[in-house]
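# Observations on the model geometry
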Amino acid sequence: MAWKGARNAEIEKLHSEGASYAALARQFELSPSRVQQIIANTRRMRKKLQARLDAPLRHAT
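Notes on the structure in this doc start here. (Residues numbered from 1 in each chain as written. Predicted model: local features only at pLDDT ≥ 70, side-chain atom pairs only at ≥ 80, totals over all residues. Heavy atoms only, no water.)

## Thoughts on the pattern of salt bridges
Applying the stated criterion across every chain yields a total of three salt bridges. With a shortest N-O distance of 2.9 Å, Arg43 and Glu12 are connected by a salt bridge. Of this pair, Arg43 sits in helix α3 (residues 32–54) while Glu12 is found in helix α1 (residues 5–16), placing the two residues 31 residues apart along the sequence. Residues Glu12 and Arg46 are paired through a salt bridge, measuring 2.8 Å at the closest nitrogen-oxygen approach. Placement of the pair is Glu12 in helix α1 and Arg46 in helix α3, with a sequence separation of 34 residues. (Salt bridge = Lys/Arg side-chain N within 4 Å of Asp/Glu carboxyl O. Helix = DSSP H or I, 4+ residues; strand = E, 2+ residues; numbered from the N terminus.)

## Concerning the nonpolar core
Within the largest apolar cluster, seven residues are counted, these being Ile11, Leu14, Leu24, Ala25, Val35, Ile38 and Ile39. Taken together, the elements giving at least two residues each to this core come down to α1, α2 (21–28) and α3. At three residues, α3 tops the list of elements feeding residues into this core. Ignoring sequence-local partners within four residues, the contact set of Val35 consists of Ile11, Tyr21, Leu24, Ala25 and Leu30. (Core = buried A, V, L, I, M, F, W, Y, C linked by side-chain atoms within 4.5 Å. Buried < 20%, exposed > 50% of the residue type's maximum accessible area, 1.4 Å probe, protein only. Contact = heavy atoms within 4.5 Å.)

## Some thoughts on the side chain of His15
Tracing the chain through its elements places His15 in helix α1. When neighbours within four sequence positions are excluded, His15 is seen to be in contact with Tyr21, Leu24, Ile39 and Arg43.

## Observations regarding the environment of Tyr21
Inspection of the secondary structure assignment puts Tyr21 in helix α2. Relative accessible area serves as the criterion here: at 30%, Tyr21 is assigned to the partly exposed category. On a C-alpha basis, the gap between Tyr21 and Ser33 in space is 7.7 Å, while along the polypeptide they are twelve residues apart. Ignoring anything within four residues of it in the chain, the contact list for Tyr21 reads His15, Pro32, Val35, Gln36 and Ile39.

This is the structure we're talking about:
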């Protein structure tokens, strides 16, 4: 199965620009509930990554 990270990022981007779950579901041939899950997971992963990037560096000895 091909990597779907780029598709999921595109779905999240289009939704943040105002596309509805139903419109995205039609465009990507998914169910509206699956589109909602993808958006939630993408935002959760982005938030977690940002928290790691913002965290202070640890000193390794």
